[in-house]
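Next come the chains, spelled out residue by residue.
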Amino acid sequence: MNSARAVFLATVLWAANLTAAPATNGAPRDQLLFRNGDFIFGKLGGISADEILQWQHPDAASPMQFSLSAVEEIDLAAGKKPQTNAGSCKVLFANGDLLHGALVGCDATDVTLDVPTAGRLKLPRARLQSLAVMPTEPAIVDGITGLDGWTEVSSPVGAGAESGHWTYRNGAFYASRPASIARNVKLPDMARIEFDLAWRGQPSLAIALYTDSLQPILLLNKENGPDFGAFYSFRLNGFVADMFPIRKHGQIPSLGSVILAALGRTDHAHFDLRVSKPQNRIILLIDRVPIMQWTDPSGFEGEGGGIRFVENSGALKLSNLRIARWDGLVEEKADPATNAVEDVVWLQNGKSISGAVASATGQAVELRVRGALQTLPFSTVREIDFATPAARPPAETAGVRATFAEGGSVHAQIESWTPEAAVLRSADFGRARFDPASFAALHFLRDEGN
């Protein structure tokens, strides 16, 4: 496909995502987005092996049929998160895919994961990057489920600018014009705030941390506006991140900025902010790599327990929001692009041990260190980072990227899709039968690079 046409279609489809969201007070509806920019609401009936999609629409007497080659994306309104089991893990693939499940076992070649919506899957270690143990303490916020509980308003804008709104659909917030959405989540003194962000063009987002105001603040006129308590503002402007303490009166000093060159090569990233009130510091990680640490020499300024997301320009998608109590540890991980020659086992106390993982179960991890075999109780392990193989198997280049309602996604080929079962095939996990209700979206990939 011509690159200019591809960019145009992507922009049109993104705009459709932002402006065509169904009303949140009506019955959930799936949304079918075509490669030419058209879209239609209804219900996915199924997908056959010969790539024919069945679509049910209330105004149609019988199911409509479409060739899968004409389809760009399907947003599935019925996606549901399974109950998290104690001892569950998340497995990250080298291509960015992620699966949740319980660890059954690990040997020199494979990791076996019990996935609640698909059963036991055997995952080749050569395709994996890490296995992380999910925390047992429940999160303060675990995912985006709708606008209820949030305060959503247009942002104040300057003359000639046009404000907008955040909208909700299928586990995500969308905005294409300046808008604010906030909630008092009673942030603890030690907090970890994670979310996925996708954008068109360049990202432009401000996040108010530990704010007592659920309304956006016009900083250029803050002294003359409504009263508010001090808070921190994390700002992402293009590919530069900055942190500012914001007070009702006085100047707005920067605690330091950092250039995020890697964001210029992608249109999405996983953000992770870790906050320690007692230490007056905020740490930024992007795609699991520590990027920047800010320390306020004046002491911690945040006076509230709320968080506020303010979209300033462009088009953004905010998803997989998770806010939890932070244990104060930061894993000093290497850049995923570098080659790791050994496995690394990270412990709950923040220490790590390098070697070769011989086996692992939900009870113990056996690690060979300089020829000697060590046994670690699984309860002491927080993550295993796998060594980079000499030859990484090629990733899937076409098919579908299926996103789960609980977060994470997999690349695969669809063998069949019915209301009862979604049969997917991938070199990452073989052939597996998933519960269709576990998915939130299907994005169809093409060999020409879209």
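Reading the values: the criteria
Residues numbered from 1 in each chain as written. Predicted model: local features only at pLDDT ≥ 70, side-chain atom pairs only at ≥ 80, totals over all residues. Heavy atoms only, no water. Helix = DSSP H or I, 4+ residues; strand = E, 2+ residues; numbered from the N terminus. Buried < 20%, exposed > 50% of the residue type's maximum accessible area, 1.4 Å probe, protein only. Contact = heavy atoms within 4.5 Å. Areas by Shrake-Rupley, 256 points an atom, 1.4 Å probe, with all protein chains shown as cover. Core = buried A, V, L, I, M, F, W, Y, C linked by side-chain atoms within 4.5 Å. Pairing = 2+ DSSP bridges. pLDDT = per-residue confidence, 0-100. Axes fitted to C-alpha atoms, helices over the stretch in contact; angles between N-to-C directions. Salt bridge = Lys/Arg side-chain N within 4 Å of Asp/Glu carboxyl O. Lys, Arg positive; Asp, Glu negative; His and termini not counted. Polar contact = N/O pair within 3.5 Å; in protein donor to acceptor, adjacent residues only side chain to side chain. Phe/Tyr/Trp six-rings, centres within 6.5 Å; stacked < 30°, edge-to-face > 60°. Lys NZ or Arg CZ within 6 Å of the ring centre and 35° of its normal.

1. Some remarks on the overall build of the protein
- Looking only at helices and strands, one finds one helix and 35 strands in the protein.
- The burial tally for the protein puts 48% of its 450 residues in the buried class.
- Taking all contacts inside the protein whose residues are at least 6 apart in sequence as the whole, residues at least 24 apart take part in 61%.
- Counting every atom, the protein has about 20,500 Å² of accessible surface; 50% of that belongs to carbon and sulfur.

2. As for the environment of Ala402
- Structurally, Ala402 can be placed in strand β31 (residues 399-404).
- The contacts of Ala402, once residues within four sequence positions are left out, are Gly408, Ser409, Val410, Phe439, Ala441 and Leu442.

3. Remarks on the nonpolar core
- Residues Ile74 and Phe434 are the most contacted members of the largest nonpolar core, which totals 53 residues.
- Apart from residues no more than four positions distant in its own chain, Phe434 is found in contact with Thr117, Ala118, Leu121, Phe404, Ala421, Ala422, Leu424, Phe429 and Phe439.
- In this structure, Val141, Ala269, Val275 and Trp294 belong to the second largest nonpolar core, which totals 43 residues.

4. A word on the pairing of strand β29 (residues 372-377)
- Bridging between strand β28 (residues 364-369) and β29 involves six bridges; their strand directions are antiparallel. Pairing of Ala364 across the sheet is with Pro377, part of β29.

5. Some thoughts on unusual backbone geometry
- In this structure, Glu51 is a non-glycine residue whose phi angle is positive, near 65 degrees.
- You can see Glu51 is positioned in the loop between β2 (39-47) and β3 (52-56).
- Phi is positive for Tyr210, close to 60 degrees, though the residue is something other than glycine.
- You can see Tyr210 is positioned in strand β17 (residues 204-211).
- The class of Tyr210 is buried, set by a relative accessible area of 0%.

6. Thoughts on the confidence of the model for the protein
- Confidence along the protein averages 85 in pLDDT terms, with 86% of residues attaining 70 or more.
- Of the regions scoring below 50 in pLDDT, residues 1-26 engages in 48 contacts with residues more than four places distant in sequence or in other chains.

7. Here's the deal with the sheet that holds strand β24 (residues 306-311)
- Taken together, the seven strands give an open sheet; going across it, the order is β12-β15-β24-β17-β18-β19-β20, and neighbouring strands pair in antiparallel fashion. Only two strands of the sheet have a single partner each, and these edge strands are β12 (151-154) and β20 (257-259). When strand polarity is set aside, the average angle formed by the axes of neighbouring strands in this sheet is 15 degrees.
- Pairing of strand β15 (residues 179-184) with β24, which is carried by six bridges, proceeds in the antiparallel orientation. If you follow Asn184 over to β24, its bridge partner there is Gly306.

8. As for the pattern of salt bridges
- For the structure on display, the rule yields 16 salt bridges.
- Across the salt bridge formed by Arg127 and Asp428, the nearest N and O atoms sit 3.3 Å from each other. Here Asp428 lies in the loop between β33 (422-426) and β34 (430-434) and Arg127 lies in the loop between β9 (119-124) and β10 (128-133), a separation of 301 residues in the sequence.
- Look at Asp428 and you get buried, because its relative accessible area is 3%.
- Residues Asp272 and Arg192 are paired through a salt bridge, measuring 2.8 Å at the closest nitrogen-oxygen approach. With Asp272 in strand β21 (residues 268-276) and Arg192 in strand β16 (residues 190-200), the pair connects residues that are 80 residues apart, well separated along the chain.
- Connected through salt bridges with shared partners, the residues Arg192, Glu194, Asp272 and Arg274 form a single ionic network.

9. Remarks on the side chain of Asp296
- Checked against the element boundaries, Asp296 lands in the loop between β23 (289-295) and β24.
- Although Asp296 lies buried, it forms no salt bridge, and the closest oppositely charged side chain, Arg247, sits 4.9 Å away as judged by the N-O distance.
- In terms of polar contacts, Asp296 uses its side chain to reach the backbone amide nitrogen of Ser298, at 3.0 Å.
- In contact with Asp296, not counting residues within four places along its chain, are Tyr232, Pro245, Leu255, Asn280 and Glu301.

10. Concerning the packing of aromatic side chains
- Summed over all chains, the structure comprises 16 aromatic pairs.
- Note on Phe39 and Phe41: the rings are 6.0 Å apart at their centroids and 70 degrees apart in plane angle, and the pair reads as edge-to-face.
- Given the relative accessible area of 16%, Phe41 is considered buried.
- Seen from their ring centres, Phe404 and Phe434 are 5.9 Å apart, and the 45 degrees between their planes marks the pair as tilted. Here Phe404 is found in strand β31, whereas its partner Phe434 is found in strand β34, with 30 residues between them in sequence. Residue Phe404 shares its accessibility class with Phe434, and that shared class is buried.
- By way of ring pairs, the aromatic residues Trp150, Tyr168, Phe173, Phe195, Phe271 and Phe309 are connected into one cluster.
- Over the ring of Phe244 we find Arg235; its NZ or CZ atom is 4.2 Å from the centre of that ring.

11. Some thoughts on the pairing of β10
- Summarising burial for β10: five of the six residues are buried, a large majority.
- Note: strand β6 (residues 88-93) against β10, five bridges, orientation antiparallel. Within β10, the position partnered with Phe93 by the bridge is Leu128.
- Pairing geometry for β10 and strand β30 (residues 381-385), over three bridges, is antiparallel. Residue pairing across strands places Ser130 opposite Asp385, the latter belonging to β30.

12. Here's the deal with the environment of Arg183
- Here Arg183 lies in strand β15.
- In the structure, Arg183 is positioned 31 residues away from Glu152 in sequence and 9.0 Å away in space, judged by C-alpha atoms.

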